[in-house]
Amino acid sequence: MRWADLLILLPAAWYQLAAFLFAALFHYLCALGHLSLTSRYIFLLAGGCLLAGTAMGSYATLLLIPAVSSVLMFLLVSPAYVHTWVFSLQMCWQTLCHLGLGSLVLESQDTRPAVTLSAIMLLTQKVTSLAMDIHEGTVLPQPGQGLLQRALPLCSYLLFFPALLGGPLCSFSKFQAQVMSLGAVPCPLRAVGWRYLGVLVLQVLRAWLEGWLPCMQGWASMGHMWAQALLFRLAYYSQWVLDEALLEAAGFGAAVEHRDLSGHDLWTLETTHRLSVFSRTWNRSTSLWLRRLVFQRCPVQPLLATFAFSAWWHGLRPGQIFGFLCWAIMVEADYRIHPFLSSRATSCVAKLLYRGTTWVFTQLIIAYIQMAVETESFSMLCLLWTSYNSILPLTYGLVLLLLLLFAQKPKQNRACPGLTRLAG
């Protein structure tokens, strides 16, 4: 695994920094009233196309094709069927792109394939979210408008440059409302400055930890794995803060209902002793999108289905399949183990021991899952499987199995035949 490549800031970060001036210029022109509503849509769309061409080169066509196709479906397909069509075609296209560009991401030093795949994944979030809004009737068609008048806001939403390469998901309705009200919203330069300062602090911490990593080679393998996983998380934290800073600079901070990372979220992610809490807080807007798209719509095993779809959305590499399915099992174990343990930790000492121990276990399991998801080859995944790091996830899985068996036996004794059902 090429740790040196993976532990630097994600490649899209440099383009996000370069786009900051254009975001500030856009907000400034809106505040002065120099841009009409149509001009704002065109500015955001043109900026997105320019950023795509700069960051992705010729690979940008792989992003523009599904974006245009989705807009056509939004305009031409009945609201009753638009979600099915958009979801099916977009996920098929994204899967083909993962299969075609996946090897280039792992083997080439060129960052454009990785940036392209990331943008396509974000586009999938936008088009499926908008398709669900149209299907549910929260976004209504505008019959009195011409085809171009209806298409321009849709194209601008899917490709607007502040959220093209990263950032939390915002709904189409909030995007429209924010574009219309930008002239009345002052540019939050102070908030943007604090976010960039936060990125600097995270990078200093990451550099310090990376400097100590060679000194930790003699530690137990679990400690070394935890430190490597923490470096991954710090890189992601930095990227998310940069994404939100760009949205703030362009004036779209208020359009984001659920941010990917706040100070409170960062504290929760690193201090929680519950894996389920970490899972809900990690990349919050994506978690809520998955909940709406899969969890709330799946009648059978919604938790497993959600994590399985997440593996598909991320690319279906062996490490991703194993990592996300392992994550689903660990979350299910978390839901059952913690009520069992917390009910028995009655004294202050017992509660402190319970929280401290489960925090360590949570950190190690998170590190194990992250290492699995980030593995580049099946051979590296096999090395992870056969290491001592697998002991804790296996133990959690066995405890889950035992709790399920013990929970099922009393129900079978009490319930009538044919009516027994395991409470979830």
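Computed from a prediction, not measured in an experiment: that's the story for all the values here.

1. A closer look at the overall build of the protein
Consideration 1: Along the protein, the regular secondary structure elements total 19 helices and 0 strands.
Consideration 2: Here the protein holds 424 residues, and the buried ones make up 46% of them.
Consideration 3: Looking at the protein as shown, the accessible area adds up to about 20,500 Å², and 70% of this sits on carbon and sulfur atoms.

2. Here's the deal with the UniProt feature "transmembrane region" (unreviewed entry) in the protein
Consideration 1: UniProt records the feature "transmembrane region" (unreviewed entry) for residues 6-29, 41-65, 71-93, 352-373 and 385-407 in the present numbering.
Consideration 2: Summarising residues 71-93: 91% helix, 0% strand, and an end-to-end C-alpha distance of 15 Å.
Consideration 3: The span residues 385-407 carries 78% helix and 0% strand; its end-to-end C-alpha distance comes to 29 Å.

3. Comments concerning the nonpolar core
Consideration 1: Met 56, Leu 63, Phe 74, Leu 165, Phe 175 and Phe 252 are the most contacted members of the largest nonpolar core, which totals 70 residues.
Consideration 2: A per-element tally of this core places helix H7 (residues 112-136) first, with 11 residues.
Consideration 3: Core analysis: the second largest hydrophobic core is formed by 47 residues, Leu 213, Met 225, Leu 242 and Ile 365 among them.

4. As for the packing of aromatic side chains
Consideration 1: This model, assessed by the stated rule, comprises 27 aromatic pairs.
Consideration 2: Centre to centre, the rings of Tyr 236 and Trp 282 are 6.1 Å apart; their planes meet at 80 degrees, and the pair counts as edge-to-face. Placement of the pair is Tyr 236 in helix H11 (residues 221-250) and Trp 282 in the loop between helix H13 (275-281) and helix H14 (284-295), with a sequence separation of 46 residues.
Consideration 3: In this structure Tyr 236 comes out as partly exposed when scored by relative accessible area, which is 23%.
Consideration 4: Aromatic side chains Phe 322 and Trp 385 sit 5.3 Å apart centroid to centroid with 70 degrees between the ring planes, which places their arrangement in the edge-to-face category. Linking Phe 322 in helix H16 (residues 318-342) with Trp 385 in helix H18 (residues 378-385), this pair joins segments that are 63 residues apart in sequence.
Consideration 5: We classify Phe 322 as partly exposed; its relative accessible area is 24%.

5. Structural notes on the packing of helix H4 (residues 37-56) against helix H9 (residues 172-181)
Consideration 1: As a packed pair, H4 and H9 sit with axes 9 Å apart at the nearest point and diverge in direction by 120 degrees. Relative to H9, the element H4 lies oblique. Where H4 crosses over H9, the two elements pack in a sense that is right-handed. Facing H4, whose interface residues are Leu 37, Arg 40, Tyr 41 and Leu 44, H9 presents Phe 175, Gln 176, Val 179, Met 180 and Ser 181.
Consideration 2: Residue composition of the contact of H4 with H9, by class: 6 nonpolar, 2 polar and 1 charged.

6. A word on the confidence of the model for the protein
Any region with low pLDDT has predicted coordinates that should not be read closely.
Consideration 1: When pLDDT is averaged across the protein, the result is 85; 89% of the residues are at 70 or more.
Consideration 2: Residue range residues 1-9 is modelled with pLDDT below 50. Its contacts to residues more than four positions away, or to other chains, number 32 contacts.
Consideration 3: For residues 411-424, every residue scores under 50 in pLDDT, and the model assigns this stretch 11 contacts once sequence neighbours within four places are set aside.

7. Regarding a nonpolar patch on the surface
Consideration 1: Taken together, the side chains of Trp 194, Leu 197, Leu 200, Val 201 and Val 204 define a hydrophobic patch exposed on the protein surface, amounting to about 520 Å² of accessible area.
Consideration 2: Among the structural elements, Leu 200 can be located in helix H10 (residues 189-212).
Consideration 3: The exposure class assigned to Leu 200 is exposed, which follows from its relative accessible area of 53%.

8. Looking at unusual backbone geometry
Keep in mind that most residues, glycine aside, have a negative phi and that most peptide bonds are trans.
Consideration 1: Of note, the phi angle at Gln 301 is positive, near 45 degrees, even though the residue is not glycine.
Consideration 2: Structurally, Gln 301 can be placed in the loop between H14 and helix H15 (302-314).
Consideration 3: Under the relative-accessibility criterion, Gln 301 is labelled exposed at 53%.
Consideration 4: You will see that Leu 316, though not glycine, has its phi angle at about 65 degrees, which is positive.
Consideration 5: In this fold, Leu 316 is placed in the loop between H15 and H16.

9. Topic: empty space enclosed by the protein
Consideration 1: Within the structure shown, the criterion is met by 1 cavity of 30 Å³ or more.
Consideration 2: Of the pockets and cavities examined, the largest cavity occupies roughly 70 Å³.
Consideration 3: Every residue along the wall of the largest cavity is listed here: Leu 122, Gln 125, Lys 126, Tyr 157, Phe 160, Ala 163, Gly 166, Gly 167, Pro 168, Leu 169 and Cys 170.
Consideration 4: Considering each element in turn, the lining of the largest cavity owes the most residues, 3 residues, to H7.
Consideration 5: Class assignment of the residues belonging to the lining of the largest cavity gives a composition of 7 nonpolar, 3 polar and 1 charged.

10. A closer look at the side chain of Ser 129
Consideration 1: Position of Ser 129 relative to the elements: it lies in helix H7.
Consideration 2: Contacts of Ser 129, omitting those with residues within four sequence positions, involve Leu 169, Trp 289 and Arg 292.

11. Here we look at the environment of Leu 104
Consideration 1: Looking at the secondary structure, you find Leu 104 in helix H6 (residues 79-107).
Consideration 2: C-alpha separation for the pair Leu 104 and Ala 114, spaced 10 residues apart in sequence, amounts to 8.2 Å.
Consideration 3: Every residue in contact with Leu 104, bar those within four places of it in the chain, is listed here: Tyr 59 and Pro 113.

12. A word on the packing of helix H17 (residues 348-374) against H18
Consideration 1: The N-to-C vectors of H17 and H18 enclose an angle of 160 degrees; their axes lie 9 Å apart at closest approach. When the axis of H17 is compared with that of H18, the two are roughly antiparallel. Where H17 crosses over H18, the handedness of that crossing is left-handed. Facing H17, whose interface residues are Tyr 368, Met 371 and Ala 372, H18 presents Leu 381, Leu 384 and Trp 385.
Consideration 2: For the contact of H17 with H18, the residue count by class is 6 nonpolar, no polar and no charged.

Definitions and limits used
- Residues numbered from 1 in each chain as written.
- Predicted model: local features only at pLDDT ≥ 70, side-chain atom pairs only at ≥ 80, totals over all residues.
- Heavy atoms only, no water.
- Helix = DSSP H or I, 4+ residues; strand = E, 2+ residues; numbered from the N terminus.
- Buried < 20%, exposed > 50% of the residue type's maximum accessible area, 1.4 Å probe, protein only.
- Areas by Shrake-Rupley, 256 points an atom, 1.4 Å probe, with all protein chains shown as cover.
- UniProt positions renumbered as here; feature names shortened; annotations may be inferred.
- Core = buried A, V, L, I, M, F, W, Y, C linked by side-chain atoms within 4.5 Å.
- Phe/Tyr/Trp six-rings, centres within 6.5 Å; stacked < 30°, edge-to-face > 60°.
- Axes fitted to C-alpha atoms, helices over the stretch in contact; angles between N-to-C directions.
- Parallel < 35°, antiparallel > 145°, perpendicular 65-115°, else oblique.
- Left-handed = near helix turned anticlockwise from the far one by under 90°.
- Contact = heavy atoms within 4.5 Å.
- Nonpolar A, V, L, I, M, F, W, Y, C, P; charged D, E, K, R; others polar.
- pLDDT = per-residue confidence, 0-100.
- Patch = residues over 30% accessible without salt bridge, like charges linked within 9 Å, V, L, I, M, F, W, Y side chains within 5 Å.
- Salt bridge = Lys/Arg side-chain N within 4 Å of Asp/Glu carboxyl O.
- 1 Å grid on protein atoms, 1.4 Å probe; cavity = no way out; pocket = protein on both sides within 12 Å on 5 of 7 lines; lining within 4 Å.
- Points joined across faces, edges and corners; volume = space filled by probe spheres on them.

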